[in-house]
Amino acid sequence: MGRIIVEIMPKPEILDPQGKAIAAALDRMGFAGFSGARQGKRFQLDVEGEVTEAHLEAARKAADELLSNPIIEDVVSVHADEEA
């Protein structure tokens, strides 16, 4: 069985209150060295057999039309999970 990973992040100009809360918590809990954080979404799409270019193209289309909100989010990665 193959697996495709789709990663989606808020557009840079969009406020990310969850990311701000995470960044503040990192600092409070002693995890130094981080200047910020943003929270996104990750989807795993399983396919029968090996991941093909047709599967990846269908996943890209689903990411653009269903999994993301193109007004406030960018699809940053659609790739086969080599570890699956």
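Refer to the structure printed above.
Caption draft 1: The arrangement of the overall build of the protein in detail. Tallying secondary structure elements over the protein gives 2 helices and 3 strands in all. Starting at the N terminus, the α and β elements of the protein follow one another as β-α-β-α-β. By the compact-globule yardstick of 12 Å for 84 residues, the protein is too spread out, its C-alpha radius of gyration being 16 Å. Per-residue burial over the protein gives 21% buried out of 84 residues. Partitioning the contacts of the protein with sequence separation of at least 6, the portion at a separation of at least 24 is 76%. Approximately 6,000 Å² of the protein is accessible, and the part contributed by carbon and sulfur atoms is 55%. Side chains of the protein carry 9 positive and 16 negative charges; the gap between the two charge centres is 8 Å.

Caption draft 2: Looking closely at the sheet that holds strand 3 (residues 73-80). Taken together, the 3 strands give an open sheet; going across it, the order is 2-1-3, and neighbouring strands pair in antiparallel fashion. Looking at strand neighbours, the two that pair on one side only are strand 2 (41-47) and strand 3, the edges of this open sheet. Across this sheet, the average inter-strand angle for adjacent strands is 20°, counted without regard to direction. Each of strand 1 (2-10), strand 2 and strand 3 is contacted by helix 2 (residues 53-67), which is oriented at about 160° to strand 3, the strand it contacts most.

Caption draft 3: Looking closely at the environment of Ile4. Structurally, Ile4 is set in strand 1. In this structure, the C-alpha to C-alpha distance between Ile4 and Leu45, residues 41 residues apart in sequence, is 5.0 Å. Among all residues touching Ile4, those that are not within four sequence positions of it are Phe43, Gln44, Leu45, Val47, Val51, His55, Leu56, Ala59, Val78, His79, Ala80 and Asp81.

What counts as what
- Residues numbered from 1 in each chain as written.
- Predicted model: local features only at pLDDT ≥ 70, side-chain atom pairs only at ≥ 80, totals over all residues.
- Heavy atoms only, no water.
- Helix = DSSP H or I, 4+ residues; strand = E, 2+ residues; numbered from the N terminus.
- Rg over C-alpha atoms; globule rule 2.2 N^0.38 Å.
- Buried < 20%, exposed > 50% of the residue type's maximum accessible area, 1.4 Å probe, protein only.
- Contact = heavy atoms within 4.5 Å.
- Areas by Shrake-Rupley, 256 points an atom, 1.4 Å probe, with all protein chains shown as cover.
- Lys, Arg positive; Asp, Glu negative; His and termini not counted.
- Charge placed at Lys NZ, Arg CZ, Asp CG, Glu CD.
- Pairing = 2+ DSSP bridges.
- Axes fitted to C-alpha atoms, helices over the stretch in contact; angles between N-to-C directions.

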